[in-house]
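# Results of the structural survey
Each chain is listed here by its residues.
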Amino acid sequence: MAHFQDLPPVGGYDRIQWKRNLPARGFRPLIYLGILVGMTGYGFAKIAQGNRENVELSREKAWARLHILPLLQAEQDRDVVRRTMSYYDREAEIMKDVPWWEVKNTLSDKKEFQPPHTVLVGKQLDKDAFLWNANSKNRWGPDDEKK
């Protein structure tokens, strides 16, 4: 019995497909990286533009406040004069029966109006306003007694 060796066909075997034959989906990774860098740069540019605009608005607001400061100060001065004169009227009404009491008696000999260093409002004007009245809902004095 003769022995024959099995040989490849003439021209060789067909190539073995060992790679998956899937179509490429999407762009190359460098394109995605470029899009990411572009969007990030655009975002940072918009943030910088917004920050510059906020600085300009803050500067404009500060200048506006600076320019209306005399008006606000005059309004506060008128309010202090009104409150002080009201306080003096109240003092005169309360102390009208005391002959030696002088309303608007100050330690200064100046003739112009001197605003007080503290503005007394609410409970500070009330003679009974001590610590135990501090939580009172009535700002001019203690609450009414519950009966």
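Source: prediction; values computed, not measured. (Residues numbered from 1 in each chain as written. Predicted model: local features only at pLDDT ≥ 70, side-chain atom pairs only at ≥ 80, totals over all residues. Heavy atoms only, no water.)

### Quick word on the pattern of salt bridges
- Scanning all chains against the criterion turns up four salt bridges.
- Notably, a salt bridge pairs Glu-56 with Arg-59, separated by 2.6 Å at the nearest N-O pair. Remark: Arg-59 and Glu-56 occur in helix α1 (residues 29–94); sequence separation between them is three residues, near one turn of the helix.
- Glu-56 gets classed as partly exposed once you look at its relative accessible area, which sits at 41%.
- Arg-83 is paired through a salt bridge with Asp-79; the nearest N and O atoms lie 3.3 Å apart. Placement of the pair is Arg-83 and Asp-79 together in helix α1, with a separation of four residues, close to one helical turn.
- Among the residues examined, Asp-79 registers a relative accessible area of 27% and is labelled partly exposed.
- Put simply, Asp-79, Arg-82 and Arg-83 are held in one network by salt bridges that share partners. (Salt bridge = Lys/Arg side-chain N within 4 Å of Asp/Glu carboxyl O. Helix = DSSP H or I, 4+ residues; strand = E, 2+ residues; numbered from the N terminus. Buried < 20%, exposed > 50% of the residue type's maximum accessible area, 1.4 Å probe, protein only.)

### Quick look at α1
- The largest bend in α1 amounts to roughly 45° and is located at Ile-68, with the proline Pro-70 lying one to four residues further along.
- Val-80, Thr-84, Tyr-88 and Glu-91 are the residues of α1 that are buried. (Bend = angle between axes of the 7 residues up to and from the residue.)

### Observations concerning the packing of aromatic side chains
- Applying the stated rule across the entire model yields three aromatic pairs.
- Considering the side-chain rings of Phe-27 and Tyr-32, the 6.0 Å spacing of their centres and the 65° angle between planes classify their relative orientation as edge-to-face.
- Overall, the relative accessible area of 54% leaves Phe-27 in the exposed class.
- When its relative accessible area of 44% is taken as the criterion, Tyr-32 is described as partly exposed.
- With a centroid separation of 6.3 Å and an interplanar angle of 55°, the aromatic rings of Tyr-87 and Tyr-88 are classed as tilted. (Phe/Tyr/Trp six-rings, centres within 6.5 Å; stacked < 30°, edge-to-face > 60°.)

It is worth stressing that arrangement in space is one thing and function is another; only the former is reported here.
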